[in-house]
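A closer look at the structure
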Amino acid sequence: MHTSLSPQAPGSRIPAASAGGFQRGSLTFRPQLSRNRWNAVLTGLAGLATTIAVLPLVLVLAYVLIKGGSLISFSLLTQLPPAPGLEGGGIGNAIVGTLLVTAIAALIAIPVGVGGGIYLAEYSSGGSFASFVRFGTNVLAGVPSIICGVFVYGLIVSTRIFFGQSYSAMAGGIALAVLMIPTVIKTTDEGLKLVPQELRLGALGVGASKMVTITHITLPAAFSPIATGIVLGIARAAGETAPLIFTALFSPFWPEGVFNPIATMSVLIYNFAIMPYQAQISLAWAASFVLVLMILAANLLARWLSQLARA
Amino acid sequence: MTSSSPTTSASSSSQSDICLSLENVGISYGTNEAVRNVFMDIPKGQVTAFIGPSGCGKSTVLRALNRMNDLIEGCTLKGRVLFHGQDLYARDVDAVEVRRRIGMVFQKPNPFPKSIYENIAFGARINGYKGDMDELVERSLRKAAIWDETKDKLKQSGCALSGGQQQRLCIARTVAIEPEVILMDEPCSALDPISTLKIEEMIHELKKSYTIVIVTHNMQQAVRVSDMTGFFNVQAKADIDGKVGCLEEFAPTEQIFNAPSQQATQDYVSGRFG
Amino acid sequence: MRLDSGPDLFTLRRRPVSDKLADRGFRWLTVALASLVGLVLLGILLTVMGGSRQAISAYGLAFLTTSNWDPVGDQYGALTAIYGTIVTSALSLVIAVPLGVGTAIFLTENIIPTKLRDILALMVELLAAIPSVVLGLWAIFVMEPFLRPFLSFLYTRLGWLPVFSTDPQGPGMAPAILILVVMILPIITAIARDSLLQVPPELRQAAYGIGTTRWGAILQVILPAAVSGIAGGVMLALGRAMGETMAVTMIIGNSNNFSWSLLAPGNTISSMLANQFGEADGNQVSALMYAALVLMLLTLLVNVLAQWVVRRLSLKYT
């Protein structure tokens, strides 16, 4: 590793090698030392890895911006998609559909998830039921999203449980909710655990019931991390496609209530990307642009929310 | 206010006895100045203690002596730190090489999550040790007065030891790479009195072969272990609002505690301070 | 004795029954909502197992080892999709782990200024937010055409190897693997970075204090201390890669003809489900459910393994 001290080296005034076993070089940085060479090589490799990791985001955003952003117009955002082979049209129904399906999912997942999280953080005392719920939450988070679609298909679509309707916006929303619930439970659980115990004791100490303590003191104190997690969960759900393909299906028309098939941007992208018509492919890029914009905005909102807590 | 020993005019005989020499050192974290105008000659083969109130920059100065401050982003140093006359902050100096010559023991014991044996051997190996490793491990553990407690469990994790033992293991680890200087940043602040005593005894032993610089909060400890003492103090900045650390007085320990030349030193060592 | 004099201003010294009921009711509500997780899991399991019963009795274990997927002749074997699932996720992991860990190191150790580090870390984080279907669109129209000359080169030069033995004609396993790399890279990077940041600064100082170089400290002290967290992240990413559907479906070619070649079109279980489930009937639905069951067992196995690995490694290094 070390080259021995050369007599004329800059640090030669220093007595070299204090004891046996160690060869001491000068203090001067010598890039030709193998340890310094390795350092340079490995730093270079790590830098390269980072470049490769960041590149896809830049490229995807650039293409979505160029190919999708250039198409954005008022009519595109408000019209229905054209019939195959025809020009023009828009993605208005898919935008409304995505908002509707995501809203249904959020309306189901937020109460369920926050409630489950409250149980884990505030009521459970490390018993077997609590560890079962925690384990189940982890397993559910790992279930592939397409399987959620299969589940909801079997539970709702094939049984025609809602007024004899098979595919519906409701079914799609429930499938997305199944995906969101683990995220919301986890963030609620972790957010509540960050609340200092003194705050809880303080509220209980003035005679508040446990419910009042949770709803009026603990939950508001943990608002920021919970809200952050929920916003991220919604953003992720809004971009999901797999659970919607055979639950919400697709529709070339405006939404007709929550118990009918509905168009969403993600399914529109999937369906139109593999069509041989340029008009459809363009609409797929435009929908990508709108979807990515919405999701990035939600992510930035989540960051802002989480910084709100620190300030 | 600052008492400084002029290094430039030091006689040639004392030059060879000086190990580290600080020339007008100032250290800042970003735009926040932590310490300024430090002049100091740390003698070779002796124990030098840094004392002073919190926030006076004594740990910062200590960390500057082996370039540990490089790891803190935005930390910059003005002036010069000379090690046997060579500027440690010169452009062509390898910080890794500096730390191999000037070892450090930290405030909190920080053994590696490896076996006791590996804790010692790891540093020696990366320093290119070619000799008998078993012997080096034993010698280092003996020097740090922890051999008897650990000789039967060298394979066990270093993290399983008690706090005081961990700190002595960390000292053994530093001794094993045979540096010329050992820097100790409040090595006993996390330890009980008995462990503290053991470490102080060890410092007396170690000073036969090493130059030691120790930061301590405990004035009795400075009296017990050190030959020279530097008293750091906090001053209000003249130019802008805020405080900055500086070296108030640097003299033989006896003089600092019995006949300090500065009123502030007198106040601090007699406990009339803060 | 009460301290307050005069009329009693605290009318609720004695808790009304309704308050007690509400308190207890609230507790039970949260218990019920928490148990919903178990119910949903049970539902998923029952749906998939119940749905696959017919196919299990009809095709047995041969389903796993044959590659004949014939809806007309009503014969089903999922080998192609199982092979595709395992190969695409495993190879994407092989590529993504060094890249992700390298990126995490670059973004935690003191190599570039903090500001730049934070921006790059945010960018990697945002990459994880891009929907899979958008990445699929990008893969079809940008990545795959760009990649094809390189893949053709592999075919002409290394075609004698079974894994490069077909002429790339567009969609295939190789582009699917690469788009999976893009998708799991942010997961690995984020978790590895968290694990590295949790390594106590004292340990870092200890390493530098005895004169290690930056990479000496990283490779011999910091990475071993973070390895349990990183391994957990890697397993999580593997689970994600196996279940990932949209981008893979759009670029893998959805062919049920078995081929060893990575340049040929293939299939994964999830892309098969995405493609066929909506239009399937009879035995095909059951066969797809069977495949879904295999996928679930695989991901479950990976998840359980992940927890085990993390526990083993964290015992070893702390």
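See the structure above.
Given the structure is predicted, the values throughout are model-derived calculations rather than measurements.

About the criteria used
- Residues numbered from 1 in each chain as written.
- Chains lettered and ligands numbered in written order.
- Predicted model: local features only at pLDDT ≥ 70, side-chain atom pairs only at ≥ 80, totals over all residues.
- Heavy atoms only, no water.
- Helix = DSSP H or I, 4+ residues; strand = E, 2+ residues; numbered from the N terminus.
- Rg over C-alpha atoms; globule rule 2.2 N^0.38 Å.
- Buried < 20%, exposed > 50% of the residue type's maximum accessible area, 1.4 Å probe, protein only.
- Contact = heavy atoms within 4.5 Å.
- Areas by Shrake-Rupley, 256 points an atom, 1.4 Å probe, with all protein chains shown as cover.
- Lys, Arg positive; Asp, Glu negative; His and termini not counted.
- Charge placed at Lys NZ, Arg CZ, Asp CG, Glu CD.
- Disulfide = S-S within 2.5 Å.
- Buried area = accessible area lost by both parts, 1.4 Å probe.
- Salt bridge = Lys/Arg side-chain N within 4 Å of Asp/Glu carboxyl O.
- Polar contact = N/O pair within 3.5 Å; in protein donor to acceptor, adjacent residues only side chain to side chain.
- Nonpolar A, V, L, I, M, F, W, Y, C, P; charged D, E, K, R; others polar.
- Arc of directions from axis to C-beta.
- 1 Å grid on protein atoms, 1.4 Å probe; cavity = no way out; pocket = protein on both sides within 12 Å on 5 of 7 lines; lining within 4 Å.
- Points joined across faces, edges and corners; volume = space filled by probe spheres on them.
- Pairing = 2+ DSSP bridges.
- Expected span 1.5 Å × (residues − 1).
- Bend = angle between axes of the 7 residues up to and from the residue.
- Axes fitted to C-alpha atoms, helices over the stretch in contact; angles between N-to-C directions.
- Parallel < 35°, antiparallel > 145°, perpendicular 65-115°, else oblique.
- Left-handed = near helix turned anticlockwise from the far one by under 90°.
- Phe/Tyr/Trp six-rings, centres within 6.5 Å; stacked < 30°, edge-to-face > 60°.
- Patch = residues over 30% accessible without salt bridge, like charges linked within 9 Å, V, L, I, M, F, W, Y side chains within 5 Å.

This paragraph deals with the overall build of chain B. Regarding its fold elements, chain B presents 11 helices and 10 strands. Taking 19 Å as the expected radius of gyration for a compact globule of 274 residues, we find that chain B reaches 19 Å, a close match to that expectation. Here chain B holds 274 residues, and the buried ones make up 59% of them. Pairs at least 24 residues apart make up 69% of the contacts formed inside chain B by residues separated by at least 6 positions. Within the structure as shown, chain B displays about 11,000 Å² of accessible surface, and the carbon and sulfur contribution to it stands at 49%. Of the charged side chains in chain B, 30 are positive and 33 negative, and the gap between their average positions amounts to 4 Å.

Looking now at the overall build of chain C. A tally of helices and strands in chain C yields 11 helices and 2 strands. Each helix and strand of chain C, ordered N terminal to C terminal, gives the series α-α-β-β-α-α-α-α-α-α-α-α-α. Expressed along its principal axes, the backbone C-alpha trace of chain C runs to roughly 95 × 65 × 40 Å. Relative to its 318 residues, chain C shows a buried fraction of 54%. Within chain C, residue pairs in contact and separated by at least 24 positions form 72% of the contacts whose partners lie at least 6 positions apart. When the 19 basic and 16 acidic side-chain charges of chain C are each reduced to a single mean position, those positions are 12 Å apart.

Another aspect to go through is the state of the cysteines. Residue and element names in this part refer to chain B. A full pass over the atoms with the stated rule returns 0 disulfides over all chains. Unpaired in this structure, C75 has its nearest cysteine sulfur neighbour in C56, at a distance of 15 Å. C75 gets classed as buried once you look at its relative accessible area, which sits at 18%.

Listed per partner, the contact involves 73 residues of chain A and 69 residues of chain C. The three residues of chain A that bury the most area against chain C are L57, F151 and Y270 of chain A, which together make up 9% of that side's buried surface. Between E125 of chain C and R303 of chain A there is a salt bridge, and its shortest N-O distance comes to 3.2 Å. Remark: the boundary between chain A and chain C carries 5 residue pairs in polar contact (both at pLDDT 80 or more). Sorting elements by how many residues they give to the side of chain A that touches chain C places helix α1 (residues 34-68) of chain A first, with 19 residues. Of the residues in the side of chain A that touches chain C, the class split is 51 nonpolar, 19 polar and 3 charged.

A few words on helix α5 (residues 133-143) of chain B. One full turn of an α-helix is made of 3.6 residues, so residues set three or four places apart face in the same direction. Residue and element names in this part refer to chain B. Restricting attention to buried positions, one finds in α5 the residues M133, L136, V137, S140 and L141. When α5 is viewed along its axis, its buried side chains cluster within an angular range of 125° and face the same direction. Against the buried residues of α5 lie α4 (116-126), α6 (147-150) and α7 (163-176). For α5, the side-chain oxygen to backbone nitrogen distance between the N-cap and D134 is 3.1 Å, and the N-cap itself is D132. Two residues or fewer past α5, A145 is found with a positive phi of approximately 55°.

Next up on the list: the interface of chain B and chain C. On the chain C side, the residues contacting the 25 residues of chain B number 19 residues. With both chains or domains summed, chain B and chain C bury close to 1,900 Å², and 62% of this area falls on carbon and sulfur atoms. If you look at where chain B meets chain C, you find 1 salt bridge. One can count 5 residue pairs in polar contact (both at pLDDT 80 or more) joining chain B with chain C.

What follows is about the pattern of salt bridges. The full count for this structure, using the stated rule, is 23 salt bridges over all chains. E97 of chain B is paired through a salt bridge with R35 of chain A; the nearest N and O atoms lie 3.1 Å apart. A residue pair is termed interchain when its members come from two chains, as with E97 of chain B in helix α3 (residues 95-101) and R35 of chain A in helix α1. Just as E97 of chain B is buried, R35 of chain A falls in that class too. Where E205 of chain B meets K208 of chain B, a salt bridge forms, and the shortest distance between an N and an O atom there is 3.0 Å. Accessibility expressed as a relative area gives 47% for E205 of chain B, which makes it partly exposed. One continuous salt-bridge network, built from bridges that share partners, spans R35 of chain A together with D94 and E97 of chain B.

Within the fold, S255 of chain C resides in the loop between α9 (246-252) and α10 (269-276). A polar contact is formed between the side chain of S255 of chain C and the backbone nitrogen of N257 of chain C, at a distance of 3.1 Å.

Bringing the layout of surface pockets into the picture now. Of the volumes computed, that of the second largest pocket is approximately 940 Å³. What lines the second largest pocket is a set of 37 residues, among which D70 and L71 of chain B together with N110, Y208 and R214 of chain C lie closest to the centre. Elements represented by at least two residues in the lining of the second largest pocket include exactly α1 of chain A, β4 (75-83) and α3 of chain B together with α6 (173-198) and α7 (201-209) of chain C. Across the lining of the second largest pocket, the residue classes tally to 17 nonpolar, 10 polar and 10 charged.

Once that is clear, we can look at the pairing of β4 of chain B. All names here are of chain B. Two elements, strand β1 (residues 18-29) and β4, share 8 bridges in a ladder whose sense is antiparallel. In the sheet register, G26 faces β4, and the bridge partner there is K78. Strand direction decides the pairing type here: β4 and strand β5 (residues 86-87), joined by 2 bridges, are antiparallel. In the sheet register, L82 faces β5, and the bridge partner there is D87. In this antiparallel pair of consecutive strands, β4 and β5, the connection spans 2 residues, and H84 shows a positive phi of 50°.

In this section: helix α3 (residues 79-106) of chain C. Residue and element names in this part refer to chain C. With 28 residues, α3 ought to run about 40 Å at 1.5 Å a step, and its terminal C-alpha atoms sit 40 Å apart, in line with that. The axis of α3 is deflected most strongly, by about 30°, at A96, and proline P98 appears within four residues downstream. With respect to burial, α3 is a largely interior element, 20 of its 28 residues being buried.

In this section: the packing of α7 of chain B against helix α8 (residues 193-206) of chain B. Residue and element names in this part refer to chain B. Close contact between α7 and α8 brings their axes to 9 Å; oriented N to C, the two are set at 15°. For the element pair α7 / α8, the angle class is roughly parallel. Our pair here, α7 against α8, has a crossing hand that is right-handed. Mapping the contact onto sequence places G164, Q167, R168, I171 and V175 in α7 and S195, K198, I199, M202 and L206 in α8. Classifying every residue of the contact of α7 with α8 by side-chain character gives 5 nonpolar, 3 polar and 2 charged.

Here we take up unusual backbone geometry. Residues and elements named next belong to chain B. The backbone phi angle of R67 is positive, close to 60°, even though this residue is not glycine. Mapped onto the fold, R67 is located in the loop between α2 (58-64) and β4. A relative accessible area of 13% places R67 in the buried class. The backbone of E178 sits at a positive phi, close to 45°, despite the residue not being glycine. Overall, the relative accessible area of 6% leaves E178 in the buried class.

All told, the structure shown has 20 aromatic pairs over all chains when counted by the stated rule. Seen in terms of ring centroids, Y119 of chain A and F129 of chain A are 5.5 Å apart; in terms of plane orientation they differ by 65°. Their pairing is edge-to-face. With a gap of 10 residues between them, Y119 of chain A in helix α3 (residues 92-123) and F129 of chain A in helix α4 (residues 128-142) connect regions that are remote in the sequence. The class for Y119 of chain A is buried, based on a relative accessible area of 7%. Here the aromatic rings of F258 of chain C and W260 of chain C are separated by 5.2 Å at their centres, their planes lie at 85°, and the arrangement is edge-to-face. Given a relative accessible area of 54%, W260 of chain C falls into the exposed group. Taken together, the aromatic side chains of Y59, F63, W69, Y76 and Y290 of chain C make up a single cluster linked through ring pairs.

A surface patch of nonpolar side chains, amounting to about 500 Å² of accessible area, comprises W38, V41, L45, L48 and I52 of chain A. Inspection of the secondary structure puts I52 of chain A in helix α1.

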